[in-house]
Amino acid sequence: MRNGDDLEGFDGEASSASMISAASSPYQPTTEPVSQRRGLGGLRCDLDYLRGTFGRLKLAEVLLALTAFICIETIMECSPCEGLYFFEFVSCSALVVTGALLLLFSLNLHTRIPQINWNLTDLVNTGLSTFFFSFASVVLAALNHKTGAEIAAVVFGFLAMAVYAVNTFLAVRKWQLSSRQQSSRQSSDYIRARTESREVVHRPEIQRLDA
């Protein structure tokens, strides 16, 4: 039988072996904070975007396009109906596309598809919506029968055109700024690469080591 000293020595050796095993183990405990997902499937609502200028403009565009579409849908009789149908198509298309972009931007889903230039996409959408809302509103104003629903649709159509025009102006400035920053970044990388290559050429000891 082992005496007390042998047992203490055995316990000390076991504890030392366990400490060495724990130190050499690749699965070490970490103190780094674990990121917690917010929302469904890691989706997070970007309140800063919704409170910003572009978020408010997008919300106003969606509401105005929806109101114009509802007004035009309440008209039961028309003659001719071409202007009404065109206005209906424009308001519905603007509502769907702008609503989809608002959803993508507010949930940061556009960051998962970096291959698409979202600034340019937003610029194209706002520019086309401005043009088609202005054209559809003018046509409907010229061909309407002075009913309340038609007048309301024309009013909301021009309001939507104005908001889209403001968004287009700001989107152009944002796109120009991002393009300028990208070009300056590329030029700085090119200058840095040229400088490093010149340093290698003018330092013969590096060439001898490479040889």
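The rules we used
- Residues numbered from 1 in each chain as written.
- Predicted model: local features only at pLDDT ≥ 70, side-chain atom pairs only at ≥ 80, totals over all residues.
- Heavy atoms only, no water.
- UniProt positions renumbered as here; feature names shortened; annotations may be inferred.
- Patch = residues over 30% accessible without salt bridge, like charges linked within 9 Å, V, L, I, M, F, W, Y side chains within 5 Å.
- Areas by Shrake-Rupley, 256 points an atom, 1.4 Å probe, with all protein chains shown as cover.
- Salt bridge = Lys/Arg side-chain N within 4 Å of Asp/Glu carboxyl O.
- Helix = DSSP H or I, 4+ residues; strand = E, 2+ residues; numbered from the N terminus.
- Buried < 20%, exposed > 50% of the residue type's maximum accessible area, 1.4 Å probe, protein only.
- Expected span 1.5 Å × (residues − 1).
- pLDDT = per-residue confidence, 0-100.
- Contact = heavy atoms within 4.5 Å.
- Polar contact = N/O pair within 3.5 Å; in protein donor to acceptor, adjacent residues only side chain to side chain.
- Phe/Tyr/Trp six-rings, centres within 6.5 Å; stacked < 30°, edge-to-face > 60°.
- Lys NZ or Arg CZ within 6 Å of the ring centre and 35° of its normal.
- Axes fitted to C-alpha atoms, helices over the stretch in contact; angles between N-to-C directions.
- Parallel < 35°, antiparallel > 145°, perpendicular 65-115°, else oblique.
- Left-handed = near helix turned anticlockwise from the far one by under 90°.
- Nonpolar A, V, L, I, M, F, W, Y, C, P; charged D, E, K, R; others polar.

Named according to an unreviewed UniProt entry, the chain is CKLF like MARVEL transmembrane domain containing 4 originating from Taeniopygia guttata. The UniProt entry for the chain carries this comment under Subcellular location (unreviewed entry): "Membrane".

**Notes on a nonpolar patch on the surface**
A cluster of nonpolar side chains, Leu120, Val124, Leu128, Phe131, Phe132, Phe135 and Trp175, forms an exposed patch at the surface whose accessible area comes to about 640 Å². Tallying contributions element by element places helix H5 (residues 118-143) first for the nonpolar patch, with 6 residues. Examined against the element boundaries, Phe131 turns out to sit in helix H5.

**Side note on the environment of Leu63**
If you trace the backbone, Leu63 turns up in helix H3 (residues 53-73). For Leu63, a relative accessible area of 54% corresponds to the exposed category.

**Points about the UniProt feature "transmembrane region" (unreviewed entry) in the chain**
If you check UniProt for "transmembrane region" (unreviewed entry), the listed places come out as residues 59-77, 83-105, 126-145 and 151-172 in our numbering. Helix and strand shares over residues 83-105 are 100% and 0% respectively, and the end C-alpha atoms of the span are 33 Å apart. For residues 126-145, the helix share is 90%, the strand share is 0%, and the end-to-end C-alpha distance is 29 Å.

**A closer look at helix H4 (residues 82-106)**
Under the 1.5 Å per step criterion, the end-to-end length of H4 is 36 Å for 25 residues, consistent within 8% with the ideal 36 Å. Of the positions making up H4, those classed as buried are Gly83, Leu84, Phe87, Val90, Ser91, Ala94, Leu95, Thr98, Leu101, Leu102, Phe105 and Ser106. Just downstream of H4 lies Asn108, where phi reads positive at about 60 degrees.

**Some points on the confidence of the model for the chain**
Counting all residues, the mean pLDDT for the chain is 78, and 66% of those residues have values of 70 or more. In the model, residues 32-39 has pLDDT below 50 throughout and makes 3 contacts with residues more than four positions away in sequence or in other chains.

**Considerations on the side chain of Ser134**
Positionally, Ser134 belongs in helix H5. A polar contact is formed between the side chain of Ser134 and the backbone oxygen of Phe131, at a distance of 2.6 Å.

**What about unusual backbone geometry?**
When glycine is set aside, most residues are seen to have a negative phi, and most peptide bonds are trans. Of note, the phi angle at Asn108 is positive, near 60 degrees, even though the residue is not glycine. Examined against the element boundaries, Asn108 turns out to sit in the loop between H4 and H5.

**Here's the deal with the packing of aromatic side chains**
A ring pair, where both rings are aromatic, is described by two values, the distance of the centres and the angle of the planes. Here the structure, examined in full by the defined rule, presents 8 aromatic pairs. Ring geometry for Phe86 against Phe132: centres 6.5 Å apart, planes inclined by 65 degrees, an arrangement best described as edge-to-face. Highlighted residues: Phe86 in helix H4 and Phe132 in helix H5, separated in sequence by 46 residues. Judged by centre distance (6.2 Å) and plane angle (85 degrees), the rings of Phe105 and Trp118 are edge-to-face. Taken as a pair, Phe105 in helix H4 and Trp118 in helix H5 lie far apart in primary sequence, 13 residues in all. On the accessibility criterion, Phe105 (9% relative accessible area) is buried. Among the aromatic residues, those joined into a ring-pair cluster are Phe86, Phe131, Phe132 and Phe135. Its guanidinium or amino end placed over the ring of Phe54, Lys174 lies 4.9 Å from that ring's centre, counting from NZ or CZ.

**Regarding the packing of H3 against H4**
Here H3 crosses H4 at 150 degrees, and the two axes come no closer than 8 Å. In terms of orientation, H3 lies roughly antiparallel with respect to H4. For H3 against H4, the interelement crossing comes out left-handed. Of H4, the residues touching H3 (which contributes Gly55, Lys58, Leu59, Glu61, Val62, Ala65, Leu66, Ala68, Phe69, Ile72 and Glu73) are Leu84, Phe87, Glu88, Ser91, Cys92, Leu95, Thr98, Gly99, Leu101, Leu102 and Phe105. Its residues assigned to classes, the contact of H3 with H4 comprises 14 nonpolar, 4 polar and 4 charged.

**Quick notes on H5**
Between its first and last C-alpha, H5 extends 37 Å over 26 residues, near the 38 Å set by a 1.5 Å rise per residue. If you check which residues of H5 are buried, you get Trp118, Asp122, Leu123, Asn125, Thr126, Ser129, Thr130, Phe133, Ser134, Ala136, Ser137 and Leu140. With a side-chain oxygen lying 3.3 Å from the backbone nitrogen of Asn119, the N-terminal cap of H5 falls on Asn117.

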